[in-house]
There are 2 protein chains.
Amino acid sequence: MIKILVDAMGGDNAPRATVAGAVIASQKDKQLYIILTGRKDEIQAELDRHKYDKSRFEIVDCPDVIDMNDVPTEAVKKKGSSLIHAFWMLKKEEDICALVSAGSTGAMIAGGQLILGRIRGVKRPALCAPIPNSRGGITLLNDCGANAECKIEMLCQFAILASAYAKAGFGVENPKVGLLNNGSEEHKGDPLRQQTYQCLNALNGINFAGNAEGRDIMLGDFDVVVADGFSGNIALKSMEGCGKLVLGVLKKEFSSSLSSKIGYLFMRKAIKRMRGQLDFDKAGGALLLGLKKPVIKSHGSSKPETIAASINHAATVHRNALIPAIEQLLDDCGIEGISEIINVGE
Amino acid sequence: MIKILVDAMGGDNAPRATVAGAVIASQKDKQLYIILTGRKDEIQAELDRHKYDKSRFEIVDCPDVIDMNDVPTEAVKKKGSSLIHAFWMLKKEEDICALVSAGSTGAMIAGGQLILGRIRGVKRPALCAPIPNSRGGITLLNDCGANAECKIEMLCQFAILASAYAKAGFGVENPKVGLLNNGSEEHKGDPLRQQTYQCLNALNGINFAGNAEGRDIMLGDFDVVVADGFSGNIALKSMEGCGKLVLGVLKKEFSSSLSSKIGYLFMRKAIKRMRGQLDFDKAGGALLLGLKKPVIKSHGSSKPETIAASINHAATVHRNALIPAIEQLLDDCGIEGISEIINVGE
């Protein structure tokens, strides 16, 4: 049994989409045991809409819900809320493997840091988003929003965390790491980027391949792109915005004339594949890397399929022992080593 | 007559594409007088491939060419190069209105600052890119690469410069200005963003509408999005990368099956329109804002149509008196005023 917590009240479509997603995930993976946190009556009513295996579902009643407007540090104190109660269970109950929520990112980061806690040696957890790339694979963008301000050591750790995740989460051997920068040449960027470049280059244990430009994220030449949470967030949302615009224009054009409508009939499959290639949610959401257990932030507007993908992905990273892999790679790379390199660099 | 300088040797496809572009532009706008700088024989040979109005073309022989690998501050010293000679002509000859080049961005910024010079009061010139948005219009992203590190006052000036440009270059009345940030709420971002938000909000003369997220750039809710050159560059290239991926996937899908090929025949027009909507070069390139005359940086891989669009756009901003409009708006907003707001803010 793989026990996974699902914050049933998180996200725009909760609890309908979260419960439906949990049921889909449980059908796909018979080893899953799902604990739904939230308002018991509402959750039960949603569960009753589906055929589900009662022996693998549990509801933990939490009367409170965190509002998207709650300040994260205040939200963390709402112990009766579906998200914060889940964090406490995740911390205390050893046999619970992971947590999935489509709720407030800020509250999740705060809960992760203040309740669950970081892996030994990790300075700050980072939000790592899987981006679909033109090779049909995934590029991990880390950090994409947890830390607006970063230091060299944090960026180096983000590279280590995401390298371990690329392997445990997506089966990538020896993942190629790039540093998000405003040009590919070594001297590019601000002093933070210039110094981080040198440190990543000197770091044993990861496969650093140089600077990555914004356009490289979706190209797929890198498996991991390291960024501070500010520019990573801007890159992620810029790509999402562009993808949305394209799908919107496509939709409009398909119905713009009789000729286009006929064309669409012939191209339905191709269009569907294309839509899939632009689906930022297909891997299920962003993983909060650096915490003691996997915590997945699913998109706020998650549909049942997105929630299901997040839950199934949480089971995958647990099976592939992500956390021990991170601990091992942190050891191999030598946290102390990073500090020394930095002292030389600065 | 509107005299415009074209660096005939700049860009991957020079001088063929630059000369062809100049001819196209001159056919579209009979008031243009074009001065091509570069290797005279090569340029003349290219010109001879076209039918062109000899009375409106002039070649200035420059034996040198700036290499894309030249360090900008060194490049500026190459007085015999097509780009730097053009900057000196632009500075010295009052009746020359603007300069267009598809050459090295770094050399253009250096040439702009060190040779042509800034408008009085402008701290730093910024590279302002016109991005196609989902409303069928243009969103100006300023700065998208000239200044990796920025201060509050610079970001405030970028807002002023681009507001004047939105009106003179694209006819937008009272352009809506957004600050590129990792969230829409007022408190979002690092201290630079938080303080700049307050200053922009207090600034009279521009229409500040709050924070813009990455996805808002292509949505079209803002006419101007202000960014430091680092995150602006990452946003621009992330969107370009996504657009390229989509067009690549579309192309592949169209020929993936007989059914798709038939569909394509019916949808050709719709697809062409869509490609147009994703064309980051349709407005011709990025304008270096804050210099004493308009300088347009066309994409390095510019085709003749892109160069032509840049030249015609340069004539438009000259006709609409961009430079006096910037001077006026800087006065209206009160440079001194910005400093005072900042002193309170910091």
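Everything numeric in this text was worked out from a predicted model, so none of it was measured. (Residues numbered from 1 in each chain as written. Chains lettered and ligands numbered in written order. Predicted model: local features only at pLDDT ≥ 70, side-chain atom pairs only at ≥ 80, totals over all residues. Heavy atoms only, no water.)

Draft legend 1. Region of interest: the pairing of strand β1 (residues 2–7) of chain B. All names here are of chain B. The buried count for β1 comes to 5 of 6 residues, which makes it a mostly enclosed element. As judged from the 6 bridges shared by β1 and strand β2 (residues 32–38), these two strands associate in the parallel manner. Bridge pairing in β2 links Ile4 to Ile34. Of the pairings in the sheet, the one linking β1 to strand β4 (residues 96–101) comprises 4 bridges and is parallel in character. Across the sheet, Val6 pairs through a bridge with Val100, a residue of β4. (Buried < 20%, exposed > 50% of the residue type's maximum accessible area, 1.4 Å probe, protein only. Helix = DSSP H or I, 4+ residues; strand = E, 2+ residues; numbered from the N terminus. Pairing = 2+ DSSP bridges.)

Draft legend 2. Region of the structure containing the sheet that holds strand β6 (residues 138–142) of chain B. Residue and element names in this part refer to chain B. Strand order across the open sheet formed by 11 strands is β3-β2-β1-β4-β11-β10-β5-β6-β9-β7-β8, with mixed pairing between neighbours. Taken across any chain shown, the strands that pair with only one partner, and hence form the sheet edges, are β3 (57–61) and β8 (207–212). Sheet twist, expressed as the mean angle between neighbouring strand axes with direction ignored, is 25°. With 3 bridges connecting them, strand β7 (residues 176–180) and strand β9 (residues 224–226) associate as parallel partners. Opposite Gly178, over in β9, you have Val225 as the bridge partner. (Axes fitted to C-alpha atoms, helices over the stretch in contact; angles between N-to-C directions.)

Draft legend 3. Region of interest: the relation of the copies chain A and chain B. For the pair chain A and chain B, the best superposition has an RMSD of 0.0 Å and corresponds to a rotation of 180° with a translation of 0.0 Å parallel to the axis. Considering both components of the superposition, the chain copies are consistent with a two-fold axis. The C-alpha atom lying nearest the rotation axis in chain A is that of Gly263(A); the distance is 1.9 Å. Both copies present the same face, since 100% of the interface residues in chain A are matched by interface residues at the equivalent positions in chain B. (Least-squares fit on C-alpha atoms with pLDDT ≥ 70 in both. Contact = heavy atoms within 4.5 Å.)

Draft legend 4. Quick look at the nonpolar core. Leu141(A) and Leu141(B) are the most contacted members of the largest nonpolar core, which has 110 residues in total. Excluding its chain neighbours within four sequence positions, the residues that come into contact with Leu141(A) are Leu127(A), Cys128(A), Ala129(A), Ile131(A), Ile217(A), Val225(A), Ala227(A), Gly232(A), Ala235(A), Leu236(A) and Met239(A). With 69 residues, the next largest nonpolar core counts Met9(B), Ala102(B), Ile206(B) and Ile307(B) among its residues. (Core = buried A, V, L, I, M, F, W, Y, C linked by side-chain atoms within 4.5 Å.)

Draft legend 5. Representation of helix α12 (residues 322–333) of chain B. All names here are of chain B. Over its 12 residues, α12 extends 16 Å from the first C-alpha to the last, a length consistent with the 16 Å expected when each residue adds 1.5 Å. Within α12, burial applies to Leu322, Ile323, Ile326, Leu329, Leu330 and Cys333. Across the axial projection of α12, the buried residues extend over an arc of 125°, all falling on one side. Immediately beyond the C-terminal end of α12, within one or two residues, lies Gly334, with a positive phi of roughly 75°. (Expected span 1.5 Å × (residues − 1). Arc of directions from axis to C-beta.)

Draft legend 6. Molecular detail of the confidence of the model for chain A. In the predicted model, chain A carries a mean pLDDT of 92, and the fraction of residues at 70 or more is 97%. Scoring the predicted complex yields pTM 0.92 and, for the interface, ipTM 0.90. (pLDDT = per-residue confidence, 0-100.)

Draft legend 7. Examining the side chain of Lys293(A) more closely. Residues and elements named next belong to chain A. Relative to the helices and strands, Lys293 resides in the loop between β10 (286–289) and β11 (295–297). Buried and unpaired, Lys293 has no salt bridge, with Asp95 as the nearest side chain of opposite charge at 6.7 Å. Polar contacts involving the side chain of Lys293 include one to the main-chain carbonyl oxygen of Ile96, which spans 2.8 Å. In this structure Lys293 touches Leu90, Glu93, Glu94, Ile96, Cys97, Leu116 and Ile323, once residues within four positions along its chain are discounted. (Lys, Arg positive; Asp, Glu negative; His and termini not counted. Salt bridge = Lys/Arg side-chain N within 4 Å of Asp/Glu carboxyl O. Polar contact = N/O pair within 3.5 Å; in protein donor to acceptor, adjacent residues only side chain to side chain.)

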